Amino acid sequence: MRLSPLALGLIATLSWHANANLKQQVAESMPELESLYLHLHQNPELSYKEEKTAGRLADEMRRLGYDVTENVGGFGVVGMLKNGDGPTVMIRADTDGLPIIEETGKSYASKVKVKDDAGNLVGVMHGCGHDIHMTSLIGTAKQLMANKEKWQGTLMLVAQPAEEVGGGAKAMLKEGLYTQFAKPDHVIGLHVSAAVPAGKVAIAPGYALANVDSVDIIVKGKGGHGAYPHTTIDPVVLASRIVLGLQTITSREISPLEPSVITVGSIHGGSKHNIISNEVKLQLTLRSYNPNVREQQIAAIKRLTAGIAHSAGLEDSLVPEVIVHESESIPSTYNNPELAEFVTSAIKQEIGAENVEQSQPVMAGEDFGLYGRTDDNVPITIFWLGGVNQAVFDAAQKSGEPLPSLHSSKFAPDYPIAIATGVRAMSNSALALFNQK
């Protein structure tokens, strides 16, 4: 799909002129979409628990006329519409909420509390914009169904569970998403941004989001009385050396041209002031783009921790245990540059070039990237959908105060504008892809 910028602009322009009333149609559908959004926002469900959410989305798709399959890879939903000969375009939205007590003060704030898998009572909130993602998916489904005489091909709607734990895309692909339904020619998605004003879109060609790994390190030692440290090998001291040593992996072992983050997010050990324990536990998150850097990070962590243990006199059986949670690992998201350029052109034609920015890659993770990592090498692109109220954004720019981030208990997107923009951007992107020659 290597096309010149002129051709890309022409195709998107033709798509826009063919559906010049898209803005009006989306505006007319907003009361219904806002009602759906408020329902989803007030009824969030945690990862792997999205049963009612999936049921509501399946009902919405069926009501619009899609062929719907539920329980794909857990509580995943797939809606299909075969509309003549043409490309297959897959549009994906994620459905799970987060274990956060909402503190936005909004009248429609989530008040849901549930017990998590550990038996703890936790609040649940759509603190990452998945409620907007789902609403935008249904809004786009509505527009493409209402205007199906203006495009040909197969539309594949995917409501994916368990994004927040990195399991949903893996499960849906493993269950045969590309074989039981259709192998898409293009996969597109959106994600709300807590740093871009509502009404705008930002897109990063190439690497957009990072590799993510969760790593546990169990640091072992030989405990004893705090008054007699010379009779022990203190795992708290070893853990401290490890935390400092880990910082040199990125700063001294990995090329400064390669993005790399190693963060120790948790350290736990010991039980009392005067007791030297036998064990300390560290929890890390690793971020990178290049898969070779990911492997370098993990290998260096294992080598460094073993070296520190041996330098303290510990035998091999007490070398720290490094556990990489492969089931939660997700690869970086690489936006196919040609598809990203094509989608950017289509979105500019719909919402105005002044409302579309090129974004920089971020070190957050998204399992959307997996849809482009199969043997099929399907081109994928995800774009950022502005979520911040313009007045709030302007005030923050003036004061220098940071805005509430994604996953914040205070994250409250300007949802009417964000949803309308998301539906228009996604609908015109799909129309342009269906109508390309």
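Right, let's walk through the structure included here. All values reported here derive from a predicted model rather than from experimental measurement.

1. Thoughts on the overall build of the protein
Inference 1: If you tally the helices and strands in the protein, you get 11 helices and 18 strands.
Inference 2: For the protein, the spread of C-alpha atoms along the three principal axes comes to 80 × 50 × 45 Å.
Inference 3: Evaluated residue by residue, the protein yields a buried proportion of 55% over its 437 residues.
Inference 4: Expressed as a percentage of contacts within the protein between residues at least 6 apart in sequence, the contacts between residues at least 24 apart total 83%.

2. Here's the deal with the packing of helix α9 (residues 337-351) against helix α11 (residues 415-435)
Inference 1: At a closest axis distance of 8 Å, the pairing of α9 and α11 adopts a crossing angle of 125°. With respect to each other, α9 and α11 are oriented oblique. As for the relative orientation of α9 and α11, their crossing is right-handed in sense. In this structure, α9 uses Leu339, Phe342, Val343, Ala346, Ile347, Gln349, Glu350 and Ile351 to contact α11, whose residues at the interface are Thr421, Arg424, Ala425, Asn428, Ser429, Ala432 and Leu433.

3. Some details on the sheet that holds strand β10 (residues 211-220)
Inference 1: Overall, antiparallel pairing links the four strands, which are arranged β12-β14-β10-β15 in an open sheet. At either end of the open sheet lies a strand with only one pairing partner, and these are β12 (260-269) and β15 (321-324). Strand-to-strand twist across the sheet, computed as the mean angle between neighbouring axes with direction ignored, equals 20°.
Inference 2: Pairing geometry for β10 and β15, over four bridges, is antiparallel. Residue pairing in the sheet places Asp216 in a bridge with Ile323 of β15.
Inference 3: This element, helix α7 (residues 235-253), spans β10, β12 and β14 (279-288) of the sheet and lies at about 170° to β12.
Inference 4: In this fold helix α8 (residues 291-311) packs onto β10, β12, β14 and β15, with an angle of close to 160° to the strand it touches most, β14.

4. Notes on α11
Inference 1: Between its terminal C-alpha atoms α11 stretches 30 Å, which fits the 30 Å expected from 21 residues at 1.5 Å a residue.
Inference 2: Of all the 21 residues making up α11, 18 are buried; the element is thus mostly covered by neighbouring parts of the structure.

5. Structural notes on α7
Inference 1: In this model, α7 (19 residues) spans 25 Å end to end at C-alpha, consistent with the 27 Å of a helix rising 1.5 Å per residue.
Inference 2: Those residues of α7 that fall on the buried side of the exposure criterion are Pro235, Leu238, Ala239, Ile242, Gly245, Leu246 and Ile249.
Inference 3: Where α7 is buried, its residues meet β10, β12, β13 (275-276), β14 and α8.
Inference 4: Sitting at the amino-terminal end of α7 is Asp234, which places a side-chain oxygen 2.8 Å from the backbone nitrogen of Val236.

6. Side note on the packing of aromatic side chains
Inference 1: What the rule picks out here adds up to six aromatic pairs.
Inference 2: Ring centres of Tyr207 and Tyr334 lie 5.1 Å apart, and the angle between their planes is 75°; this geometry places the pair in the edge-to-face category. Of this pair, Tyr207 sits in strand β9 (residues 206-209) while Tyr334 sits in strand β16 (residues 333-335); the two residues are 127 residues apart in sequence, bridging distant segments of the chain.
Inference 3: The class for Tyr334 is partly exposed, based on a relative accessible area of 39%.
Inference 4: Summarising the aromatic geometry, the rings of Phe368 and Tyr371 are spaced 6.0 Å apart at their centres and angled 65° between planes, so their arrangement reads as edge-to-face. You'll find Phe368 and Tyr371 in the same group, each marked buried.
Inference 5: Here a set of aromatic residues connected by ring pairs shows up, and it is made of Tyr37, Tyr108 and Tyr415.

What counts, and where the lines are drawn
The residue numbering used here restarts from 1 in each chain and proceeds along that chain's sequence as written. Two thresholds apply to this predicted model, a pLDDT of at least 70 for residue-level local features and 80 or more for giving and counting side-chain atom pairs, whereas whole-chain, interface and lining totals are computed over all residues. Side-chain numbers come from the whole structure's heavy atoms, not from hydrogens or water. By the criteria applied, helices consist of DSSP H or I runs no shorter than four residues and strands consist of E runs no shorter than two, each listed in order from the N terminus. Categorising residues by exposure relies on relative accessible area from a 1.4 Å probe, with only protein chains included: less than 20% of the type maximum marks a residue as buried, more than 50% marks it as exposed, and the intermediate range marks it as partly exposed. The criterion used for residue contact is that any of the two residues' heavy atoms lie within 4.5 Å. With axes taken as lines fitted to C-alpha atoms, and helix axes fitted only over the stretch in contact, angles between N-to-C directions fall between 0 and 180 degrees. Here is the rule for angles: anything less than 35 degrees is roughly parallel, anything more than 145 is roughly antiparallel, 65 through 115 is roughly perpendicular, and the remaining ranges are oblique. For a crossing to be left-handed, the near helix must be turned anticlockwise from the far one by less than a right angle; the clockwise case is right-handed. DSSP-based pairing: two strands are paired if at least 2 bridges between them are found. Between the first and last residue of a helix there are one fewer steps than residues, each counted as 1.5 Å, and that sum is the expected span. Residues adjacent in sequence count toward polar contacts only when both atoms are side-chain atoms; beyond that, a polar contact is any pair of N or O atoms within 3.5 Å, and within protein one must be able to donate a hydrogen and the other to accept it. Centres within 6.5 Å are what make two rings of Phe, Tyr or Trp a pair, Trp counting through its six-membered ring; a difference in plane orientation under 30 degrees is then read as stacked, over 60 as edge-to-face, and the rest as tilted.

Any functional reading would require information beyond the geometric quantities listed.
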